[in-house]
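Given next are the chains, with one letter for each unit.
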Amino acid sequence: MQITEKELIQIISEEIDKMVENDEINEGVLDRLKAQAAGATATLNPFADKGDAALKKAASTMSSYSNHLLKLQQKLAMDAQKLGIDSVDDIQTVSKAIGQTQQKVQNIAKTAPRSEKFKAAVQRAVADQSGGQQQAAPAADSGQQQAAPAADGGQQQAAAQPQAPALDDKLQAWVDGGKQPGNFNANSARAAIGTSRMGQRAGKAVFNSQEALEFGKQVVAALGDGARTGPLRQAIEDTEDVGIANEPVNEEMHQQLMSEFDAWELQFESKGKTLNEQLQKISERWGFGK
């Protein structure tokens, strides 16, 4: 099991693509990249502030993969010892290959925030995603103040409720398609609790729309017993308990949610699978042979 530096960089690029798709990279970063593409004269740094946070998130993701590989190597050692095949050359070769790959991934996690190569990967991924996005411009009224609503019987008009966020493209397509069930998997569960679909209320991470809640329920139903517990199920229960979100989810709360999801995903994908199937799953996800 060998993986090149180029392939590892591609893994990071794909993770950043997911972050952009789930709105985990602030629009301000996209705006700065657009300004550069338009030939803006100001000196802009697309990796300042939230851009640096994106690189740190990528490093955190790779650190999570490193932990998964370490656990996989440990499980291989335990299973092989139980079966009495731990001394077989093929088993030792596989274990060594997993260990070497885990070390490479761990090193990537340490160096990504400072690496120019990874900064370039982030910039390329964000630029590709930002190509089809348009920033809504608020209507301007040159110098004129907006008229205040008339009072009714001396009573002030009730404060407007916060406007519900627009559905992301994939969730909107699901709604437009009649909310049909699909071939859901762990990635569907990850998308269900992405930042574009989550908010908070009463100190809990909850869905920010009824549509997002319904999609989450459909994913849980499709995944069966494996999703009876975990962060997605918890988000559904919390939303039903306190209601749809009334404010955006903060970054710390969502990072905790995704950390819990990583742990759940590892258990979900390994449940009922042989070691060979788990190795094959990792190979397919990362694009290299075992």
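Computed from a predicted structure; not experimentally measured.

The helix and strand inventory of the chain stands at eleven helices and three strands. Reading the helices (α) and strands (β) of the chain from amino to carboxyl end gives α-α-α-α-α-α-α-β-β-α-α-β-α-α. Taking all 290 residues of the chain together, the buried fraction comes to 36%. Here the analysis covers contacts within the chain between residues at least 6 apart in sequence; of these, 75% occur between residues at least 24 apart. Accessible surface computed for the chain: about 17,300 Å², of which carbon and sulfur atoms make up 47%.

Another point: the confidence of the model for the chain. Per-chain confidence: the chain averages 74 in pLDDT, with 62% of residues scoring 70 or above. Note that pLDDT drops below 50 for residues 37-48; the model gives that stretch 16 contacts with residues more than four away or on any other chain. Ignoring residues within four places in sequence, the model shows residues 134-140, a span with pLDDT below 50, making three contacts including any to other chains.

For helix α8 (residues 210-223), built from 14 residues, the straight-helix expectation of 20 Å at 1.5 Å per residue is met to within 8% by its first-to-last C-alpha distance of 20 Å. For α8, the set of buried residues is Ala212, Leu213, Phe215, Gly216, Gln218, Val219, Val220 and Leu223. Positive backbone phi, at 70 degrees, marks Gly224, one or two positions downstream of α8.

Right, let's talk about the pairing of strand β2 (residues 204-207) for a bit. Relative to β2, strand β1 (residues 198-201) runs antiparallel, the two being bridged by four bridges. Across the sheet, Gln200 pairs through a bridge with Ala205, a residue of β2. Two successive antiparallel strands, β1 and β2, enclose a turn made up of two residues, where Ala202 displays a positive phi of approximately 55 degrees.

Turning our attention to the pairing of β1. As paired strands, β1 and strand β3 (residues 247-248) are joined by two bridges and run antiparallel to one another. If you follow Gly199 over to β3, its bridge partner there is Pro248.

Attention now moves to the side chain of Arg197. When you line up the elements, Arg197 lands in the loop between α7 (186-192) and β1. Engagement of the side chain of Arg197 in a polar contact is seen with the side chain of Asp168, the distance being 2.7 Å. Not counting chain neighbours up to four residues away, the residues in contact with Arg197 comprise Asp168, Lys170, Leu171, Ala191, Ala192, Val206, Phe207, Asn208, Ala212 and Phe215.

What follows covers the environment of Val242. Note that Val242 resides in helix α9 (residues 231-242). For Val242, a relative accessible area of 24% translates into the label partly exposed. Each C-alpha atom, one on Val242 and one on Arg201, is 6.9 Å from the other, the two residues being 41 residues apart in sequence.

Taken in spatial order, the three strands line up as β2-β1-β3 in an open sheet, and their pairing is antiparallel. Two strands in the sheet have a free side with no partner beyond their single neighbour: β2 and β3. Each of β1 and β2 touches α9; the most contacted strand, β2, lies at about 90 degrees to it.

Looking now at the nonpolar core. Ranked by size, the top nonpolar core spans 25 residues in total, and within it Ile193, Met198, Phe207 and Leu232 carry the most contacts. Broken down by secondary-structure element, the contributors of at least two residues to this core are α6 (169-176), α7, β2, α8, α9 and α10 (251-270). The leading source of residues in this core is α8, at six residues. Formed by 15 residues, the second largest nonpolar core is a distinct cluster that contains Met62, Tyr65, Leu69 and Leu76.

A grouping of Leu83, Ile85 and Val88 is seen on the molecular surface, where their side chains present a nonpolar patch of about 250 Å² in accessible area. Among the secondary structure elements, Val88 is positioned in the loop between α3 (50-83) and α4 (89-111). In this structure Val88 comes out as partly exposed when scored by relative accessible area, which is 37%.

Another point: the packing of aromatic side chains. Scanning all chains against the criterion turns up three aromatic pairs. Centroid distance Phe184 to Phe215: 5.5 Å. Interplanar angle 85 degrees. Geometry classified as edge-to-face. With a gap of 31 residues between them, Phe184 in the loop between α6 and α7 and Phe215 in helix α8 connect regions that are remote in the sequence. With a centroid separation of 5.2 Å and 45 degrees between ring planes, the pair formed by Phe261 and Trp264 is classed as tilted. Residue Phe261 and its partner Trp264 are located together in helix α10, separated by three residues, close to a single helical turn. Trp264 carries the same exposure label as Phe261, and that label is buried. Over the ring of Phe215 we find Arg197, and its NZ or CZ is 5.0 Å from the ring centre.

Cut-off values and rules
- Residues numbered from 1 in each chain as written.
- Predicted model: local features only at pLDDT ≥ 70, side-chain atom pairs only at ≥ 80, totals over all residues.
- Heavy atoms only, no water.
- Helix = DSSP H or I, 4+ residues; strand = E, 2+ residues; numbered from the N terminus.
- Buried < 20%, exposed > 50% of the residue type's maximum accessible area, 1.4 Å probe, protein only.
- Contact = heavy atoms within 4.5 Å.
- Areas by Shrake-Rupley, 256 points an atom, 1.4 Å probe, with all protein chains shown as cover.
- pLDDT = per-residue confidence, 0-100.
- Expected span 1.5 Å × (residues − 1).
- Pairing = 2+ DSSP bridges.
- Polar contact = N/O pair within 3.5 Å; in protein donor to acceptor, adjacent residues only side chain to side chain.
- Axes fitted to C-alpha atoms, helices over the stretch in contact; angles between N-to-C directions.
- Core = buried A, V, L, I, M, F, W, Y, C linked by side-chain atoms within 4.5 Å.
- Patch = residues over 30% accessible without salt bridge, like charges linked within 9 Å, V, L, I, M, F, W, Y side chains within 5 Å.
- Salt bridge = Lys/Arg side-chain N within 4 Å of Asp/Glu carboxyl O.
- Phe/Tyr/Trp six-rings, centres within 6.5 Å; stacked < 30°, edge-to-face > 60°.
- Lys NZ or Arg CZ within 6 Å of the ring centre and 35° of its normal.

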